[in-house]
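For reference, the chains in residue letters:
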Amino acid sequence: MSSSLSGRTVLVTGATSGIGYETARRLAEHGSTVLLHGRTPEEAEAAADRLVATAGADGARLRPLAADFVRLEEVENLAHAVVREHPRLDVLVNNAAIAAPERHTLTADGNEVSFQVNFLAHYLLTTMLEPSLTSDPGGRVVNVSSALHRSGAIQWNDPQRVRRYSRLAAYAQSQLALTVFAADPRVTAVSVDPGVCETGLLPLYGHEGAPASEGAGHVVRLCDPATEIVNGAYYDRSERVAPAPAATEDRTVKRLNKLADLLVGHTA
């Protein structure tokens, strides 16, 4: 990896474990300033301490930040803090994700929990960070998606899946929405399926996965300004492939933005 990551500022959501943590570690090794997002201040600070202690990361380049994505108000506060303290953000890695629970669960904001954590929170964060996200070449958003987005469908009339709930369908819908969102023309964004890795999401996929650091390598490559990207592109690990057809339809992108604006309480 080139030193072109040196001196860049990158926000990684869900950076306290799994692929997010390994992504933060690699970015810090390359000299990036990493904004480490965790669910709570304690989790974020512990991850930063662990990177300093075990990976030899420079503590001055790590900024722990917290927001619980099940509360959209916390996402807004996070966005405000980033814009205030980091008026120039080079890369946003939308990585935080949960497996949809066995039972249908709504957040206090009224959204199905995996749809909110995996997609709506990232939608809100990305749109609010637009003033900070540099328009310089190399500025970008990297959405950590999944091949499961191909089996997903956005239930336009029941996005919260109140009528029919299945955890796999809910999770797939959240990943499809995140992948569709990468084609939004407002910011330059790509999606990547980092492969099946040993993370908290592994039970959704099977019993065996590659080390999280391997998946993180594919994410970090896309953070590097030396890697040229096309808005809305989708990568299966390191290879650019076509995403699900819905992810490239302008009509779907516009429709999703409208739905998301409504659900996060922002009027476009």
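Keep in mind that what you see is a predicted model, and the values were worked out from it rather than measured.

Participant: Go over the sheet that holds strand 3 (residues 62–66) with me, naming the residues and quoting the values.
Facilitator: What links the strands of a sheet is backbone hydrogen bonding, and the strands pair in either a parallel or an antiparallel sense. Ordered by their spatial adjacency, 8 strands build an open sheet running 3-2-1-4-5-6-7-8, and the pairing between neighbours is mixed. The two strands at the open ends of the sheet, each matched to only one other strand, are strand 3 and strand 8 (239–241). Going from strand to strand, the sheet's axes swing by 25 degrees on average, the running direction of each strand aside. Note that strand 1 (residues 9–12) and strand 4 (residues 91–94) share 3 bridges and pair parallel.

Participant: Just give me the short version of the pattern of salt bridges, but keep the residues and values in it.
Facilitator: One pass over the full model with this rule turns up 12 salt bridges. Salt-bridge contacts for Arg 39 lead to Glu 43; the nearest nitrogen and oxygen are separated by 2.8 Å. Judged by relative accessible area, Arg 39 falls into the partly exposed class, the value being 44%. Here Arg 237 makes a salt bridge to Asp 236, at a shortest N to O gap of 3.2 Å. Judged by relative accessible area, which is 27%, Asp 236 ranks as partly exposed. Through salt bridges with shared partners, one network takes in Arg 39, Glu 43, Asp 68, Arg 71 and Glu 74.

What counts as what
- Residues numbered from 1 in each chain as written.
- Predicted model: local features only at pLDDT ≥ 70, side-chain atom pairs only at ≥ 80, totals over all residues.
- Heavy atoms only, no water.
- Pairing = 2+ DSSP bridges.
- Helix = DSSP H or I, 4+ residues; strand = E, 2+ residues; numbered from the N terminus.
- Axes fitted to C-alpha atoms, helices over the stretch in contact; angles between N-to-C directions.
- Salt bridge = Lys/Arg side-chain N within 4 Å of Asp/Glu carboxyl O.
- Buried < 20%, exposed > 50% of the residue type's maximum accessible area, 1.4 Å probe, protein only.

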